[in-house]
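Structural overview
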Amino acid sequence: MASPPWEKLPPEIAAAILHKLGAVEILTTAQKVCPTWRRVSLEPSMWRCIKMEHSRATGRLYDLKKMCRHAVDLSRGQLTDITIHSFCTNDLLLYISQRSIQLSRLCLQDCHDIGGDALTAALKNLPLLEELHLQNSSFDVKAIETVGRYCPLLKSFKLNSDVFDPEEACDLEALAIAENMHGLRHLELYGNKMTNVGLKAILEGCPNLESLDLRRSINVDLVGDLERLCLQRIKDLKLPHNYTRRYPWDTHYDMFCIWADVSDSEDDFFADGDSASDCDDDYFPLNVLLFYD
Amino acid sequence: MAAETGTPTTLTLKSNDDELFSVAESAAILSVTIRNMVEDGCAGGVIPLDNVDGKTLASVITYMNGISAIPADEEKKKSYRDKFLSDKDFETLADMVLAANYLNMSCLMDAVSAKIAQVMEKKSVGWVRRKFGIENDYTPEEEAAVKEEHKWTFEGVETDDDN
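Residues numbered from 1 in each chain as written. Chains lettered and ligands numbered in written order. Predicted model: local features only at pLDDT ≥ 70, side-chain atom pairs only at ≥ 80, totals over all residues. Heavy atoms only, no water.

What follows covers the overall build of chain A. Secondary structure assignment for chain A yields 14 helices and 8 strands. Residues classed as buried in chain A amount to 53% of the 293 residues present. Accessible surface, chain A as shown: approximately 13300 Å² in total, 49% of it carbon and sulfur. (Helix = DSSP H or I, 4+ residues; strand = E, 2+ residues; numbered from the N terminus. Buried < 20%, exposed > 50% of the residue type's maximum accessible area, 1.4 Å probe, protein only. Areas by Shrake-Rupley, 256 points an atom, 1.4 Å probe, with all protein chains shown as cover.)

Structural data, given as structure tokens:
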């Protein structure tokens, strides 16, 4: 069969294909190809899920903040899921929250320019939020209290950081989670400063917790009753010293690979931390030394 | 005629260029279109599939058999789909997406759409038009409106608008 007449295809096929393109590709290319693709590109259903990241190519060419606003406008209030990598600002976050009452998942990665107040203000506009994922992004403990008050459906919270100081211990975040996020089912606190005090409070305050990721939260010392309680209560538990394959945003891993030249032997070298038995204590100190030397 | 219970049932599918294919019903009903025909009792004889040619149908049946042999393990199914599509050229992908849509096979549709979208990544508008054989049938007014909206490019950056 000869190549099909693409512009005459049913719009649902064009929609299925364009759905697989990222926001930047749709706005810069697909919608300009032909009127059918443009109509499909402008449908609010195309913008229920937006994922935009600042890459070397897109960041230099395009004003991503402006593009993101445009994408949010196109969703016409139907946006349910947004992921922004590294370019979100206070203004943009507020803009999104004021226009997206249906938002159920907000994921910010490497967004250092967001102030705690802006995050708090935005969360007040998101009553249907179920998942809040903050990875290496600026954060204020007030945001947790806001979630408790304004986002009653929250069931998944990630507060991950790959910048950590093993000397410093702080339970403020953990205690705030325990006090305000009682409906949590999934919690990731990768590289958190909390201690056993914080962990105990979380176990008490979040009775529905099914998965808990404590990797690199090395002030937690899981022994005795606390360890038993964790293993009993949590179906999917990742322990502080379960150093595993690289986390998607874990830049330190790349540095480590360059220095130690182990990238080809990743599978042999790293324990796969899918279960508590995969703990690899021998390896972890070496890892820390390399990062902090 | 309703399918008999107990014994594996085989269906006969006919492509639009009159090729006949035998396929296990359990695999064929991955297609919602075919499943509906079976449930409506229309599958006793030959099932004509007017929108799919023999070459494409053979390929779809290979997929049906392969994927239905994998137990409920989404990882394995995904890796089968990836492998199945890895050697398909663009024209074949185009035929597959039409067939998947007609046969109402959402998983195949999803995978082929993603593969076609991959082809478009980081390409210019002109390149996509040529590759997809799409005429630039914008009216001048529409074309102007599209360009007018294109204001998020940083100043001084050359874009590959069209060619």
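Read on, since the account is not over.
Our focus in this paragraph is the overall build of chain B. Counting its secondary structure elements, chain B contains 8 helices and 3 strands. The order of helices and strands in chain B, counted from the N terminus, is β-β-α-α-β-α-α-α-α-α-α. Looking at chain B as a whole, 40% of its 163 residues qualify as buried. Put simply, 57% of the contacts in chain B that link residues at least 6 apart link residues at least 24 apart. (Contact = heavy atoms within 4.5 Å.)

Turning our attention to the interface of chain A and chain B. Taken together, the contacts link 34 residues of chain A with 38 residues of chain B. Across the chain A/chain B interface, buried area totals approximately 3400 Å², and carbon plus sulfur atoms make up 67% of it. Counting the contacts that link chain A with chain B gives 1 salt bridge. Residue K20 of chain A pairs with D110 of chain B through a salt bridge whose shortest N-O separation is 2.9 Å. Taken together, the links from chain A to chain B amount to 7 residue pairs in polar contact (both at pLDDT 80 or more). Listing elements by their share of the side of chain A that touches chain B, those giving two or more residues are α1 (11-19), α2 (23-33), α3 (35-41), α4 (56-61) and α5 (64-75) of chain A. Here the side of chain A that touches chain B gets 7 residues from one element, more than from any other, and that element is α2 of chain A. (Buried area = accessible area lost by both parts, 1.4 Å probe. Salt bridge = Lys/Arg side-chain N within 4 Å of Asp/Glu carboxyl O. Polar contact = N/O pair within 3.5 Å; in protein donor to acceptor, adjacent residues only side chain to side chain.)

Another aspect to go through is the sheet that holds strand β2 (residues 81-85) of chain A. To summarise the sheet geometry, strands pair through backbone hydrogen bonds and adopt either a parallel or an antiparallel arrangement. All names here are of chain A. Strand order in the open sheet formed by 8 strands is β1-β2-β3-β4-β5-β6-β7-β8, with parallel pairing between adjacent strands. What marks the edges here is a single partner per strand, and that holds for β1 (49-53) and β8 (236-238). Between one strand axis and the next, the sheet turns through 5 degrees on average, direction left out of account. Pairing analysis gives 5 bridges linking β2 to strand β3 (residues 105-109), with the strands arranged parallel. Across the sheet, the residue bridging to T83 is C107, located in β3. (Pairing = 2+ DSSP bridges. Axes fitted to C-alpha atoms, helices over the stretch in contact; angles between N-to-C directions.)

The subject of this paragraph is the nonpolar core. Counting 121 residues, the largest nonpolar core has W37 and F157 of chain A as its most contacted members. Here the element with the most residues in this core is helix α5 (residues 90-103) of chain B; it accounts for 8 residues. Counting contributing residues per domain, this core is built from domain 1 (2-120) and domain 2 (125-154) of chain B, each supplying no fewer than three. With residues up to four places along the chain from it excluded, the contact list for W37 of chain A reads A14, L18, A30 and Q31 of chain A together with M120, V128, F132 and I134 of chain B. (Core = buried A, V, L, I, M, F, W, Y, C linked by side-chain atoms within 4.5 Å. Domains from an automatic or database assignment.)

Here the focus is a negative patch on the surface. Residues and elements named next belong to chain B. A cluster of acidic side chains, namely E135, D137, E141 and E142, defines a negative patch on the protein surface. Considering the arrangement of structural elements, one finds E141 in helix α8 (residues 140-149). Overall, the relative accessible area of 59% leaves E141 in the exposed class. (Patch = residues over 30% accessible without salt bridge, like charges linked within 9 Å, V, L, I, M, F, W, Y side chains within 5 Å. Lys, Arg positive; Asp, Glu negative; His and termini not counted. Charge placed at Lys NZ, Arg CZ, Asp CG, Glu CD.)

All names here are of chain B. Entries for chain B in the domain assignment read domain 1 (2-120) and domain 2 (125-154). Both sides of the domain 1 and domain 2 interface together cover about 390 Å² of buried area, and 87% of this is carbon and sulfur. Considering only the surface of domain 1 that becomes buried against domain 2, F90, V119 and M120 emerge as the three largest contributors, covering 92% of it. Counting across the interface, domain 1 meets domain 2 through 0 salt bridges. Inspection of the domain 1/domain 2 interface yields 0 residue pairs in polar contact (both at pLDDT 80 or more). With 3 residues, helix α6 (residues 106-120) is the largest single contributor of residues to the side of domain 1 that touches domain 2. Within the side of domain 1 that touches domain 2, the residues separate by chemical class into 4 nonpolar, no polar and no charged. (Nonpolar A, V, L, I, M, F, W, Y, C, P; charged D, E, K, R; others polar.)

Residue and element names in this part refer to chain A. Take T146: it is sitting in helix α8 (residues 141-150). For T146, a relative accessible area of 5% translates into the label buried. If we ignore the near neighbours within four places in the chain, the residues touching T146 are T120, L123, K124 and C151.

This part covers helix α10 (residues 196-205) of chain A. When α10 of chain A is considered as a whole, its buried residues turn out to be G198, L199, A201, I202, L203 and G205 of chain A. Among the structural elements, α9 (172-180), β6 (186-188), β7 (211-213) and α11 (224-233) of chain A are those in contact with the buried residues of α10 of chain A.

Let us look at the pattern of salt bridges. All names here are of chain A. For the coordinates displayed, the defined rule picks out 16 salt bridges over all chains. Here R105 and D81 are joined by a salt bridge, their closest N and O atoms 3.1 Å apart. With R105 in strand β3 and D81 in strand β2, this pair connects stretches of sequence that are 24 residues apart. With relative accessibility at 19%, the residue D81 sits in the buried group. Note that K193 and E168 form a salt bridge whose closest N and O atoms lie 3.3 Å from each other. Separated by 25 residues along the polypeptide, K193 in the loop between β6 and α10 and E168 in the loop between β5 (156-160) and α9 bring together distant segments of the chain. With relative accessibility at 32%, the residue K193 sits in the partly exposed group. A relative accessible area of 38% places E168 in the partly exposed class.

Attention now goes to the side chain of S31 of chain B. Relative to the helices and strands, S31 of chain B is located in the loop between α1 (25-28) and α2 (32-39). Residues in contact with S31 of chain B, not counting those within four places in the same chain, are M64, L103, N104 and M105 of chain B.

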